[in-house]
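Descriptive analysis of the structure
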Amino acid sequence: MASTVANTNSVSSTSQTSVPAWEKPSSPYFLHSSENPGLILVNQPLTEENYATWSQSIIYALDSKNKIDFVDGTIKAPTSSSDPIFPAWKKCNRMVLSWLINSMSKDLILSVIYLNTTQEVWTNLKNWFSQSN
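Now for the overall build of the protein chain. Helices and strands together make up the secondary structure of the protein chain, namely six helices and zero strands. Its helices and strands taken in sequence order, the protein chain reads α-α-α-α-α-α from the N to the C terminus. When each of the 133 residues of the protein chain is scored for burial, the buried share is 35%. Of the accessible surface of the protein chain, which amounts to about 8400 Å², a share of 54% is contributed by carbon and sulfur atoms.

Below, the structure is given as C-alpha cells:
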C-alpha cells in the first residue's frame, strides 16, 4: 500500500515539473481557450476624450487576465527568437495587442497599428494623451 502512494506522488511531481511555464494557468503566458483576438475587454472604446477612464478599465481587465505585465514593460520581449519562451511571448503579445486595438476607436487605431509590442502601444498612447492634457 505504501509503495502505491509513493509511486502516485512521484508521478504527480514529475508531471508538474515537465509542464512548460506557459501552460500553467498562473503564468502570464497562459492563454485560456476562451481568450481570442476578437475579445472586447471594455465597453467604451478609447476616444480622444476618455483616455483616463479607458486606461484604468483596460488595466483592470488585463490585470484580471494576468496580462498587465505585457503593457507595463515588466515582461520584455526575449532577446532572441531562439529563446524557448519566444513563441509563448509572441502569442501573448499579439493577443494583448489585438485586445487593445479592439478597444479603440477606428481613428486612433491608425496611430498604433504598426507598433510591434503592447508596451510600445501603451507608452505611445500614454505619451500622446498626456501631451494633449
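A few words on the packing of aromatic side chains. Under the counting rule described, the total for this entry stands at six aromatic pairs. Through pairs of rings, three or more aromatic residues link up here, namely Tyr51, Trp54, Trp122, Trp128 and Phe129. For Lys65, the ring lying beneath its charged end belongs to Trp99, and the centroid distance is 5.6 Å.

Tracing the sequence through the fold places His32 in the loop between helix H1 (2–17) and helix H2 (51–64). When its relative accessible area of 41% is taken as the criterion, His32 is described as partly exposed. With 33 residues separating them in the primary sequence, His32 and Lys65 have C-alpha atoms 9.2 Å apart. One polar contact links His32 to Ser34, side chain to side chain, over a distance of 2.9 Å.

Before going further, it helps to spend a moment on H2. Taking 1.5 Å of rise per residue, the 14 residues of H2 would be expected to cover 20 Å, and the 20 Å separating its terminal C-alpha atoms lies within 8% of that figure. Every buried residue belonging to H2 is among Tyr51, Trp54, Ser55, Ile58, Ala61 and Leu62, and all of these are buried. The buried residues of H2 occupy an angular sector of 125° when the element is viewed end-on, so they sit on one face. In this structure, H2 carries Ala52, Thr53, Tyr60 and Ser64 as exposed residues pointing more than 90 degrees from its buried face. Directly after H2, the chain includes Asn66, whose backbone phi takes a positive value near 65°.

Moving on to the nonpolar core. Core analysis: the biggest nonpolar cluster contains 32 residues, and Trp54, Leu62, Leu100, Met104 and Leu125 have the highest contact counts within it. Secondary-structure elements contributing two or more residues to this core are H2, helix H3 (68–72), helix H4 (86–102), helix H5 (106–109) and helix H6 (118–132). Examining the composition of this core, we find that nine residues originate from one element, H4, more than from any other. Setting aside its immediate chain neighbours within four residues, Leu125 contacts Leu46, Tyr51, Trp54, Met104 and Val112.

What follows covers the environment of Glu35. Position of Glu35 relative to the elements: it lies in the loop between H1 and H2. Considering only alpha carbons, one finds Glu35 and Trp99, 64 residues apart in sequence, at a separation of 9.7 Å. Among residues more than four places away in sequence, those in contact with Glu35 are Phe30, Lys65, Lys67, Met95 and Trp99. Here the side chain of Glu35 touches Lys65 through a polar contact of 3.3 Å, side chain to side chain.

What counts, and at which threshold
Residues numbered from 1 in each chain as written. Predicted model: local features only at pLDDT ≥ 70, side-chain atom pairs only at ≥ 80, totals over all residues. Heavy atoms only, no water. Helix = DSSP H or I, 4+ residues; strand = E, 2+ residues; numbered from the N terminus. Buried < 20%, exposed > 50% of the residue type's maximum accessible area, 1.4 Å probe, protein only. Areas by Shrake-Rupley, 256 points an atom, 1.4 Å probe, with all protein chains shown as cover. Phe/Tyr/Trp six-rings, centres within 6.5 Å; stacked < 30°, edge-to-face > 60°. Lys NZ or Arg CZ within 6 Å of the ring centre and 35° of its normal. Polar contact = N/O pair within 3.5 Å; in protein donor to acceptor, adjacent residues only side chain to side chain. Expected span 1.5 Å × (residues − 1). Arc of directions from axis to C-beta. Core = buried A, V, L, I, M, F, W, Y, C linked by side-chain atoms within 4.5 Å. Contact = heavy atoms within 4.5 Å.

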